[in-house]
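What follows is the residue order along each chain.
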Amino acid sequence: MAARDPEATKARIFEAAVAEFARHGIAGARIDRIASEAKANKQLIYAYFGNKAELFAHVLEKKMLDLAASVPVDPDDIESWIDRLLDYHAAHPEILRLLYWEGIEYGSAELPDETDRREHYARKVAAVEDGQRRGVVTDAIPAPDLLLLLTALANWATVVPQMARILAGTEDTDRARLRASIKEAARRLVAPQSPL
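Positions within a chain are numbered from 1, following the residues in the order the chain's sequence is written. Only residues with pLDDT of at least 70 are given local features in this predicted model, and only at 80 or more are side-chain atom pairs given and counted; all residues enter the totals for whole chains, interfaces and linings. Side-chain metrics in this entry use all non-hydrogen atoms of the structure; hydrogen atoms and water are not considered.

**Student:** What exactly am I supposed to notice about the overall build of the protein chain here?
**Tutor:** Put simply, DSSP marks the helices as runs of H or I at least four residues long and the strands as runs of E at least two long, and each gets a number from the N terminus on. Tallying secondary structure elements over the protein chain gives 10 helices and zero strands in all. In the protein chain, the succession of α and β elements from N to C terminus is α-α-α-α-α-α-α-α-α-α. The rule is simple: take the accessible area with a 1.4 Å probe, protein chains only, and divide by the maximum for that residue type; under 20% is buried, over 50% is exposed, in between is partly exposed. Expressed as a percentage of the 196 residues in the protein chain, the buried residues total 36%. Here the analysis covers contacts within the protein chain between residues at least 6 apart in sequence; of these, 63% occur between residues at least 24 apart. When the accessible area of the protein chain is evaluated, it comes to approximately 11600 Å², of which 55% is carbon and sulfur surface. The positive count covers Lys and Arg only, the negative count covers Asp and Glu only, and His and the chain ends enter neither. Working definition for charges: the position is that of NZ of Lys, CZ of Arg, CG of Asp or CD of Glu. Counting 26 positive and 31 negative side-chain charges, the protein chain places the centres of these two groups 5 Å from one another. Residue contacts are defined here by distance: any two heavy atoms, one from each residue, within 4.5 Å place the two residues in contact. Each accessible area value is a Shrake-Rupley result obtained with a 1.4 Å probe; residue values ignore everything except the protein chains displayed when judging cover.

**Student:** Sorry, what's going on with the pattern of salt bridges here?
**Tutor:** Oppositely charged side chains are able to pair whenever their charged atoms sit close together. Just to be clear on terms, a salt bridge is a Lys or Arg side-chain nitrogen sitting within 4 Å of an Asp or Glu carboxyl oxygen. One pass over the full model with this rule turns up 18 salt bridges. A salt bridge links Asp87 to Arg179, with the shortest nitrogen-to-oxygen separation between them at 2.6 Å. Here Asp87, found in helix 5 (residues 78-91), pairs with Arg179, found in helix 10 (residues 172-190); they are 92 residues apart in sequence, far enough to count as distant. The class for Asp87 is partly exposed, based on a relative accessible area of 44%. Residue Arg187 pairs with Glu184 through a salt bridge whose shortest N-O separation is 2.4 Å. With Arg187 and Glu184 both in helix 10 and three residues apart, this pair spans about one turn of that helix. The class for Arg187 is partly exposed, based on a relative accessible area of 36%. On the accessibility criterion, Glu184 (26% relative accessible area) is partly exposed.

**Student:** Whenever I open this one, the nonpolar core confuses me. Can you help?
**Tutor:** In globular proteins that are soluble, nonpolar side chains generally tend to be buried together. The term nonpolar core refers to a set of buried residues drawn from Ala, Val, Leu, Ile, Met, Phe, Trp, Tyr and Cys, joined through side-chain atoms within 4.5 Å. Ranked by size, the top nonpolar core spans 47 residues in total, and within it Phe21, Ile34, Leu55, Val59, Trp81 and Ile82 carry the most contacts. It is helix 1 (residues 6-28) that contributes the most residues to this core, eight residues altogether. Every residue in contact with Leu55, bar those within four places of it in the chain, is listed here: Ala17, Phe21, Ile31, Ile34, Ile45 and Phe49.

**Student:** Can you walk me through helix 1 in this structure?
**Tutor:** Residue pairs three or four apart in sequence face the same way in an α-helix, which turns once every 3.6 residues. Its 23 residues give helix 1 an end-to-end C-alpha distance of only 27 Å, which falls more than 12% under 33 Å, the value for a rise of 1.5 Å per residue. If you look at helix 1, its biggest bend is around 80°, right at Ala22. Residues Thr9, Ile13, Phe14, Ala16, Ala17, Val18, Glu20, Phe21, Ala22, Gly25 and Ile26 constitute the buried set of helix 1. Where the residues of helix 1 are buried, they touch helix 2 (31-38), helix 3 (42-49), helix 4 (52-70) and helix 6 (94-106). Here the expected span of a helix is defined as 1.5 Å times the quantity of residues minus one. Bend, at a single residue, is the angle you get between axes fitted to the 7 residues ending at that residue and the 7 residues starting at it.

**Student:** It is not clear to me how the packing of aromatic side chains should be interpreted in this structure. Could you clarify?
**Tutor:** For any pair of aromatic rings, geometry is given as the distance between the ring centres together with the angle between the planes. Under the pairing criterion, centres of Phe, Tyr and Trp rings, with the six-membered ring standing for Trp, must be within 6.5 Å; the plane angle then separates stacked pairs below 30 degrees from edge-to-face pairs above 60, leaving the rest tilted. Applying the stated rule across the entire model yields two aromatic pairs. Where Phe21 meets Phe56, the ring centres are 5.1 Å apart and the plane angle is 85°; that geometry is what we call edge-to-face. Of this pair, Phe21 sits in helix 1 while Phe56 sits in helix 4, and the two are 35 residues apart along the sequence. With respect to class, Phe21 is no different from Phe56; both count as buried. Ring geometry for Tyr48 against Phe49: centres 6.4 Å apart, planes inclined by 85°, an arrangement best described as edge-to-face. The buried category is assigned to Phe49, whose relative accessible area is 13%. Two limits define a charge over a ring: the Lys NZ or Arg CZ must be within 6 Å of the ring centre, and within 35 degrees of the ring normal. For the cation-ring pair, Lys10 lies above Tyr48, with the distance from its terminal atom to the ring centre recorded as 4.9 Å. A cation over a ring is seen here: Lys62 above Phe14, with NZ or CZ 5.9 Å from the ring centre.

**Student:** Explain the packing of helix 1 against helix 6 here, please?
**Tutor:** Packed helices, taken two at a time, are described by their axes: the angle between them and the distance between them. Interaxial distance between helix 1 and helix 6 falls to 8 Å at its minimum, and their mutual angle equals 20°. One way to sum up the angle between helix 1 and helix 6 is to call them roughly parallel. At the point where helix 1 passes helix 6, the crossing takes the left-handed sense. Residues Val18, Phe21, Ala22, Arg23, His24, Gly25, Ile26 and Ala27 of helix 1 form the contact with helix 6, whose own contacting residues are Glu94, Arg97, Leu98, Trp101, Glu102, Glu105 and Tyr106. Partitioned by chemical class, the residues of the contact of helix 1 with helix 6 number eight nonpolar, two polar and five charged. In this description, a line fitted to the C-alpha atoms serves as the axis of each element, helices being fitted only across the stretch in contact, and the angle between N-to-C directions of two axes falls anywhere from 0 to 180 degrees. Roughly parallel means an angle under 35 degrees; roughly antiparallel means over 145; roughly perpendicular covers 65 to 115; every other angle is labelled oblique. Handedness of a helix crossing follows the sense of rotation of the near helix relative to the far helix, less than a right angle counterclockwise being left-handed and clockwise being right-handed. Put simply, Ala, Val, Leu, Ile, Met, Phe, Trp, Tyr, Cys and Pro go in the nonpolar bin, Asp, Glu, Lys and Arg in the charged bin, and everything else, Gly too, in the polar bin.

**Student:** Where do I start with the side chain of Lys124 in this structure?
**Tutor:** Along the polypeptide, Lys124 turns up in helix 7 (residues 114-133). Summary of buried charges: Lys124 has no salt-bridge partner, and the nearest side chain of opposite charge, Asp66, is 11 Å away.

**Student:** Whenever I open this one, the side chain of Gln132 confuses me. Can you help?
**Tutor:** Along the polypeptide, Gln132 turns up in helix 7. With residues near it in sequence (within four places) discarded, Gln132 still touches Val137, Thr138, Asp139, Ile141, Pro142, Ala143 and Leu146.

See below:
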C-alpha cells in the first residue's frame, strides 16, 4: 500500500480546482469533477479547503499572490510592466477567468476575503502613488483609478478573446500591433503633464 502524501494531494486538488473554476465558475463548478481530476477523495477536499466557495477563494488568492510576485507594478517603466502583464496572462489566462467568474458571482456585493484583497491592491496603488510623487507618472488621475485603467487596458483582450479576434485580427502581426497599441495607450495615460 502506497504512503499518503497530503501535500501532493493538496497540490493536485488545487490544480484541478483552478481548471474547474476557470472553466465553469463558482456556481457551475463541481466538487465531484475536481475530486475525479485530482484523483482524490471528495471528503479530503472539504477537509483541506472547506466548502466550494472557500476553495474558490483559496484558489483565487493563491493565483493573485503569484501574479503580484511575478509582475509587480513598475511606475518607472509602465510599458515593460504592461509587456510582462500581457505575457503573464497569455501564459496563465485562468486568473482573469477566475476574476471574471468572481465578478459574475458576487457582482457589487462584498467578497468573502475583501479585506485581504484591499490590502493586496493597496500595495499596487502605493507603487503608482510613489511614481506620482516622483513625477514619473501623472497625478491628473488618482492612483487607484489609474491602476484600474491600466489593468483594464492590459487584461481586456484576454478576458474577451472573441472581441480581440474580431476587432484586432488573428495573425501574429495583428497581435503584435495590438500589444504595441496597448503599450502606447498606457504610456500616454501615465505620461506626466508638461508644465505650461
